[in-house]
Amino acid sequence: MPGPGAAALALPLLALPLLALPPAPPPTLPRPHGPRRVLQKEAQFNTTYADWVDADLLNIYAFNHSVCRNRTEGVRVSVNVLSDHKDLPVLFVVRQKEAVVSFQVPLILRGLYQRKYAYQEVSRTLCQPQTKAEVETQHFYVDVSTLSLNASYKLRVTRVENFVLRTNERFSFNATAAQPQYFKYEFPEGVDSVIVKVTSAMAFPCSVISIQDILCPVYDLDNNVAFIGMYQTMTKKAAITVQKKDFPSNSFYVVVVVKTEDEACGGALPYYPLSKDAAPDEPVDQHNRQKMLEVMVSPAITSEAYVSSVLFCLGIFLSFYILTLVIACWESCRQQKRKGLLAAMDSPSLDTASLLGHARSIPDYFLGHSPYDSYGYGSFGNGSSGSTEGVTDSMGSAEVPYGYVGERSLENVASRPRLDSLSSVEEDDYDTLADIDYDKNVIRTKQYLCVADLARKDKRVLRKKYQIYFWNIATIAVFYALPVIQLVITYQTVVNVTGNQDICYYNFLCAHPLGNLSAFNNILSNLGYVLLGLLFLLIILQREINYNRALMRNDAHALECGIPKHFGLFYAMGTALMMEGLLSACYHVCPNYTNFQFDTSFMYMIAGLCMLKLYQKRHPDINASAYSAYACLALVIFFSVVGVVFGKGNTAFWIVFSVIHIVATLLLSTQLYYMGRWKLDSGILRRILHVLYTDCVRQCSGPMYVDRMVLLVMGNIINWSLAAYGLIVRPNDFASYLLAIGICNLLLYFAFYIIMKLRSGERIKLIPLLCIIGTSVVWGFALFFFFQGLSTWQKTPAESREHNRDCILLDFFDDHDIWHFLSSIAMFGSFLVLLTLDDDLDCVQRDKIYVF
């Protein structure tokens, strides 16, 4: 067994191959030639030291200054390295009592895609340690070292003027990426929150505003400013509301950093020069990338302002409840005055002209005038007062013009055979007979239709059919709202934890926090939708109760007169208005690109439900079912999401959407023109060619349904124009563009309905007339405030803040809050118009009410 001597002999043998290897190349970095020299100098403030340093020398500059407990002074270190040794920078280390700050020059900061930017001039403000003594002399040292053979530099230490910001006083300063600035603010007595406003006349270079606690170190470089506190990017405007409770020291730093690139603020990336001789990671010198800014700190609103604003908001909308109660009492008084005539005549009637639909004691013609005298439409039959013929025989000729040729007494109407079968509650039972389908074709294709022709189905069946609208939207609301609330709470939590205020697109100049909410005022202003939606539901409930009581009394007016009463769509509209308020409030918890549909989804539903209700008034039997209606609305919301995500600048999307828009318009026009009596199958083209040949080639005949054709032609012109506008202009806000399409169609149909109602000799009563006028005025003011555009998530957060403006109402609400107030009132008024528009027909027989 070999011993230790053998091992010792083997070591030199193993070392022989290593000695034969070539020597390693010397290191590229210079090494000290001898012991390193340390040169310490007593230095003074406001003195420029032009000096040099190399690998064998360490320069130390010793400073001292007096620190007072009740006075804060800023100290700023500025250096400029004159030598051009990018690979051998000069290191500056500032040693203080409680902190150490170090940086190298050239200072290398990285941008997007790891681009490097070099800065030769660097200035840093030193963190100020706290002192408990009245006056204390503190020392700090600036160490300068390098591995370069020789590096010259300039060093200057100064006191910062106006380091402590004063309330309501503006202060201007300059900043660069390598020369950031920060200032201190102390809360005055009695001030619980302040708003820090920073402005600049120049949009670029992009900068970052940060609010940080009084801690060392201060994060004041582009690569670390987001590590602590609250921050937001800025072009021309920035505003951050700061609450005293969040800072135990009752003070904070306002930090301003200029970014190396403008991409975060919506600017273009700088040209990155590359040459054959340059290395891919060669730093770029940005020269003088400087920005002039102005900062001002002003007190925010007090807690009393919160209370007064909440009371103001409640007072506005609760006044509508009081007004409704006054109208109900007034209507009750009218009813009491007519009870005597009712007892004398013994003729019960129903008058739903009032807002709440109370029963009226006596028809108008019992008071000396006929309710039909002023009408220019009417029955198309022979006018016999005792006629009991079916609806299919009520038209003697298709060419009979509008106008009454006779009147039927309500006594005979009450004894007339019912047109709807009461033996079954299934709607399909009516359609099982073979001759009924033919009967539909006869009835619905007549040139002139009356409401009785399209109100033939069982009322109980239709009531259940339209109640599905309410139950469906209630179900949609629950399943939609719960995840939305959870999501926006998460958004708000992320904002509060990270401090990144670029996540949410508030109007920061008028964003008042409360608790964990950053913009309570934008949420409070949505209260009107909820309260007025609830009031509308109560009005509908009262109307339905009065109507059901009239039916139980077998009131002839309720049974055979007026527009058929179906309340399901009204309940759905009220629920949609309340949900619009809830989801709009959720959206404004943190408005941004990813949750915009929360604010618009139920707007589409409200527009669609209003059009359906307007159509249902005179077409109760053939109105769309809840399932198909909500399926179409879901398709609209789907296109809204797709358009916002993929539609910006996408030509293919706009072509596809425009084609779908035009095709859908044509299909709906055909459905409305033929009252649903057409089929979309393989023979559709053959039938279209046949109609064109017979009506245009063989003989030139006009449309059979002139009024419907006028409406549909106008609708197609508007929709084709909107489709062309979208295809040519390609608006950035696709959600608003889609909503504009729905609103334009609703307004067109509503205007057509009003014109045709007046053209048919009908009249508009006082309450709906006042609602129309008042609602139109309120809509005008509401749209004015809507188009002010206080923020937009279509741009970067910094660009969006350029649109921010101060509060204009009670120092609490901004323009968009007023839009919430006025639009909720306008929507409520629009619903009342739909509810009361045809109250003048409550004493008119349905076979004398014209369909249009």
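Please read these numbers as outputs of a predicted model, since none were measured by experiment.

Draft legend 1. Representation of the overall build of the protein. The helix and strand inventory of the protein stands at 20 helices and 20 strands. Taken across its 852 residues, the protein has 52% of its residues classed as buried. Excluding contacts between residues fewer than 6 apart, the proportion of contacts in the protein whose partners are at least 24 apart in sequence is 80%. Carbon and sulfur atoms provide 63% of the accessible area of the protein, an area that totals close to 40400 Å².

Draft legend 2. Just the pairing of strand β20 (residues 290-299), in detail. Sheet topology places strand β12 (residues 171-176) next to β20; 6 bridges connect them, and they run antiparallel. Within β20, the residue paired with F171 across the bridge is V295. In terms of strand pairing, strand β14 (residues 193-199) meets β20 through 6 bridges, oriented antiparallel. From the neighbouring strand, V196 faces β20, where its bridge partner is V297.

Draft legend 3. Broad picture of the pairing of strand β9 (residues 121-125). The element β9 is extensively covered by neighbouring structure, given that 4 of its 5 residues are classed as buried. Pairing of strand β4 (residues 74-81) with β9, which is carried by 5 bridges, proceeds in the antiparallel orientation. In the sheet register, V79 faces β9, and the bridge partner there is V122.

Draft legend 4. The arrangement of the nonpolar core in detail. In this structure, Y469, L609 and F657 are the most contacted members of the largest nonpolar core, which totals 117 residues. Discounting chain neighbours no more than four positions away, the residues touching Y469 are G568, L569, A572, L609, L612, A624, S625, A626, A629 and Y630. One finds V208, M230, V242 and V257 within the second-largest nonpolar core, a separate group that totals 38 residues.

Draft legend 5. Spatial organisation of the sheet that holds β12. Taken in spatial order, the 4 strands line up as β12-β20-β14-β17 in an open sheet, and their pairing is antiparallel. Edge positions in the sheet fall to β12 and β17 (237-243), since each of these pairs with one other strand and no more. Strand-to-strand, the axes of this sheet are offset by a mean angle of 25°, without reference to chain direction.

Draft legend 6. Local environment of a nonpolar patch on the surface. A surface patch of nonpolar side chains, about 700 Å² in accessible area, is lined by I655, V659, V663, L667, Y725, L727, I728 and V729. Every element with two or more residues in the nonpolar patch is listed here: α14 (651-673) and α16 (706-729). In this fold, V663 is placed in helix α14. Of the residues examined, V663 reaches a relative accessible area of 42% and is grouped as partly exposed.

Draft legend 7. Summary view of the environment of V90. Tracing the backbone shows V90 in strand β5 (residues 90-95). Linking V90 and S148, residues 58 residues apart in sequence, is a C-alpha distance of 7.9 Å. With residues near it in sequence (within four places) discarded, V90 still touches V53, V81, F103, Q104, V105, V144, S145, T146 and A151.

Draft legend 8. Expanded view of the sheet that holds strand β15 (residues 207-212). Across the sheet, 4 strands lie side by side as β13-β18-β15-β16; this open sheet has antiparallel pairing. The sheet is open, and its two borders are formed by β13 (181-186) and β16 (230-234), each paired with just one other strand. For this sheet the average axis-to-axis angle between neighbouring strands, irrespective of direction, equals 20°. By the bridge criterion, 5 bridges tie β15 to β16 in an arrangement that is antiparallel. Looking at the pairing, I211 lines up with M230 of β16.

Draft legend 9. View of the packing of helix α13 (residues 626-646) against helix α17 (residues 734-759). Running from amino to carboxyl end, α13 crosses α17 at an angle of 145°, the nearest separation of the two axes being 8 Å. The residues of α17 that touch α13, namely those facing V636, F639, S640, G643 and V644, are F734, A735 and L738. By residue class, the composition of the contact of α13 with α17 is 6 nonpolar, 2 polar and no charged.

Draft legend 10. Expanded view of the state of the cysteines. Under the counting rule described, the total for this entry stands at 4 disulfides. The side chain of C504 participates in a disulfide bridge whose partner is C590; the two sulfur atoms lie 1.9 Å from each other. An S-S torsion of about -95° defines the bridge between C504 and C590 as left-handed. You can see C504 sitting in the loop between α7 (459-498) and α8 (520-524) and its partner C590 sitting in the loop between α11 (568-589) and α12 (597-616), a full 86 residues away along the chain.

The rules behind the values
Residues numbered from 1 in each chain as written. Predicted model: local features only at pLDDT ≥ 70, side-chain atom pairs only at ≥ 80, totals over all residues. Heavy atoms only, no water. Helix = DSSP H or I, 4+ residues; strand = E, 2+ residues; numbered from the N terminus. Buried < 20%, exposed > 50% of the residue type's maximum accessible area, 1.4 Å probe, protein only. Contact = heavy atoms within 4.5 Å. Areas by Shrake-Rupley, 256 points an atom, 1.4 Å probe, with all protein chains shown as cover. Pairing = 2+ DSSP bridges. Core = buried A, V, L, I, M, F, W, Y, C linked by side-chain atoms within 4.5 Å. Axes fitted to C-alpha atoms, helices over the stretch in contact; angles between N-to-C directions. Patch = residues over 30% accessible without salt bridge, like charges linked within 9 Å, V, L, I, M, F, W, Y side chains within 5 Å. Salt bridge = Lys/Arg side-chain N within 4 Å of Asp/Glu carboxyl O. Nonpolar A, V, L, I, M, F, W, Y, C, P; charged D, E, K, R; others polar. Disulfide = S-S within 2.5 Å.

In short, shape yes, function no, at least from these values alone.
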